[in-house]
Amino acid sequence: MTIEAMASPRALGASSLWSRLMSGKVGPVLVIVLAIIAIWYFSAVLLNTQFQEDIYKRGNIEWSTGQLISDTLSQERPVLPAPHQVIIELYNTTVLKKITSKRSLVYHSWVTLSTTLLGFGIGTVLGILLAVGIVHNNSLEKSLMPWIISSQTIPILAIAPMIIVVLNAIGIQGILPKAFIATYLSFFPITVGIVKGLRSPEVIHLDLMRTYNASNWDMFWKLRWPSSVPYLFTGMKVAIATSLVGAIVGELPTGAVEGLGARLLAGSYYGQTVQIWSALIAAALLAAALVSIVGLTNKIVLKRMGMAQ
């Protein structure tokens, strides 16, 4: 058997595997990721070139294009760090650092995660209570709903310091002020989603419940609430991500020394752009994990309810 004949099945197998990947869900995502990485590298070279050329001029260094590209991608404090620099920083601050170390991204992520979950929990309960009141009381709908909507037009960066100062003045410190900022961002999608869900049952189903002489309580638990569960989880996916944003923003005006927000502040103070980007990537990965957990919980709950699609 010739070498070509032996290599042919392997090549066909690899080609078939690649075709399956590209035709499925992985293919488009992989293409987008590769495109982002390519644009990222190009942008890093472009933005870091001027500073690197200044270094060459001050040192009277002869340089070539290849050397320029290599040096722009390995600067200590670049304008835009390259992807591999961020990956190395993530590895150094997660794998090579103890979890209890103040330099560990795992430690800082846990601090932010605890604030996020507390704010998300408060926001979910608050959102559900507001939605139930709005659906069952027209006066609450007319009085509360405009304020709930208008509250989201206020920039969180403007209101966060005020929340911190007011709560500190009345003796509330620690994790709660930051959690309340996360709550401020997370309750809105929960409220809107539950209101939509509680009103989703068809009129014919509501009339059928009335013919059975069902009370408002029975109609809520046996019809309105089960119908609102898919809407609840849709709102929770948005709420958990915005809660993380609120937790990070809440760490900024407090001058916190722990949390991803603190890492962003420290990086900006000392011009450590690689540290800033590693914290941003860690926050993005944390948000993706939280949204995935909520999505998985959604599938499990709907399956147990017999509503899985």
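Residues numbered from 1 in each chain as written. Predicted model: local features only at pLDDT ≥ 70, side-chain atom pairs only at ≥ 80, totals over all residues. Heavy atoms only, no water.

### A closer look at the confidence of the model for the chain
- For the chain, mean pLDDT is 87; residues scoring 70 or higher make up 91% of the total.
- Between residues 1–7, whose pLDDT stays under 50, and residues either more than four places distant or in other chains, the model counts one contact. (pLDDT = per-residue confidence, 0-100. Contact = heavy atoms within 4.5 Å.)

### With respect to the packing of helix 11 (residues 260–269) against helix 12 (residues 273–304)
- Two elements in contact, helix 11 and helix 12, have axes separated by 8 Å at closest approach and are oriented at 160°. Viewed along their axes, helix 11 and helix 12 adopt a mutual orientation that is roughly antiparallel. By crossing handedness, the relation of helix 11 to helix 12 is classed as left-handed. Counted together, Leu260, Arg263, Leu264, Ala266, Gly267 and Ser268 of helix 11 and Gln275, Ile276, Ala279, Leu280, Ala282, Ala283 and Leu286 of helix 12 form the full contact between these two elements.
- Among the residues forming the contact of helix 11 with helix 12, the class breakdown is nine nonpolar, three polar and one charged. (Axes fitted to C-alpha atoms, helices over the stretch in contact; angles between N-to-C directions. Helix = DSSP H or I, 4+ residues; strand = E, 2+ residues; numbered from the N terminus. Parallel < 35°, antiparallel > 145°, perpendicular 65-115°, else oblique. Left-handed = near helix turned anticlockwise from the far one by under 90°. Nonpolar A, V, L, I, M, F, W, Y, C, P; charged D, E, K, R; others polar.)

### Considering a nonpolar patch on the surface
- There is a patch of nonpolar side chains on the surface, built from Val29, Val33, Leu34 and Ile37 and spanning about 320 Å² of accessible area.
- Of note, Val29 is situated in helix 2 (residues 26–59). (Patch = residues over 30% accessible without salt bridge, like charges linked within 9 Å, V, L, I, M, F, W, Y side chains within 5 Å. Areas by Shrake-Rupley, 256 points an atom, 1.4 Å probe, with all protein chains shown as cover. Salt bridge = Lys/Arg side-chain N within 4 Å of Asp/Glu carboxyl O.)

### Structural notes on helix 6 (residues 138–151)
- An ideal rise of 1.5 Å per residue puts 20 Å on 14 residues; helix 6 measures up with 20 Å between its terminal C-alpha atoms.
- Of the positions making up helix 6, those classed as buried are Met145, Ile148 and Ser151.
- Where the residues of helix 6 are buried, they touch helix 5 (105–136) and helix 8 (175–198).
- With a side-chain oxygen positioned 2.9 Å from the backbone nitrogen of Ser139, the residue opening helix 6 is Asn137. (Expected span 1.5 Å × (residues − 1). Buried < 20%, exposed > 50% of the residue type's maximum accessible area, 1.4 Å probe, protein only. Polar contact = N/O pair within 3.5 Å; in protein donor to acceptor, adjacent residues only side chain to side chain.)

### So, the packing of aromatic side chains
- Applying the stated rule across the entire model yields seven aromatic pairs.
- Ring centres of Trp217 and Trp221 lie 5.7 Å apart, and the angle between their planes is 65°; on these two criteria the pair is classed as edge-to-face. Residue Trp217 and its partner Trp221 are located together in helix 10 (residues 216–251), separated by four residues, close to a single helical turn.
- Taking relative accessible area as the criterion, Trp217 reaches 59% and is therefore assigned exposed.
- Put simply, the rings of Trp217, Phe220, Trp221 and Trp225 pair up and form one aromatic cluster. (Phe/Tyr/Trp six-rings, centres within 6.5 Å; stacked < 30°, edge-to-face > 60°.)

### Brief notes about the layout of surface pockets
- Counted as a void, the largest pocket has a volume near 400 Å³.
- Lining the largest pocket are 16 residues, with Lys102, Arg103, Arg263, Ala266 and Gln275 sitting closest to its centre.
- Of all the elements in the fold, those that place two or more residues in the lining of the largest pocket are helix 4 (83–94) and helix 11. (1 Å grid on protein atoms, 1.4 Å probe; cavity = no way out; pocket = protein on both sides within 12 Å on 5 of 7 lines; lining within 4 Å. Points joined across faces, edges and corners; volume = space filled by probe spheres on them.)

### So, the pattern of salt bridges
- Applying the stated criterion across every chain, the model contains four salt bridges.
- The shortest N-O distance in the salt bridge between Glu89 and Arg263 comes to 3.9 Å. Here Glu89, found in helix 4, pairs with Arg263, found in helix 11; they are 174 residues apart in sequence, far enough to count as distant.
- The closest approach of N and O atoms between Glu141 and Arg199, which form a salt bridge, is 2.9 Å. You can see Glu141 sitting in helix 6 and its partner Arg199 sitting in the loop between helix 8 and helix 9 (203–211), a full 58 residues away along the chain.

### Some words on the side chain of Gln75
- The topology assignment puts Gln75 in the loop between helix 3 (65–72) and helix 4.
- Taking relative accessible area as the criterion, Gln75 reaches 6% and is therefore assigned buried.
- Within the structure, Gln75 has its side chain in polar contact with the backbone oxygen of Asn48 (distance 3.1 Å).
- Setting aside residues no more than four positions away along its own chain, Gln75 makes contact with Asn48, Phe51, Gln52 and Gln85.

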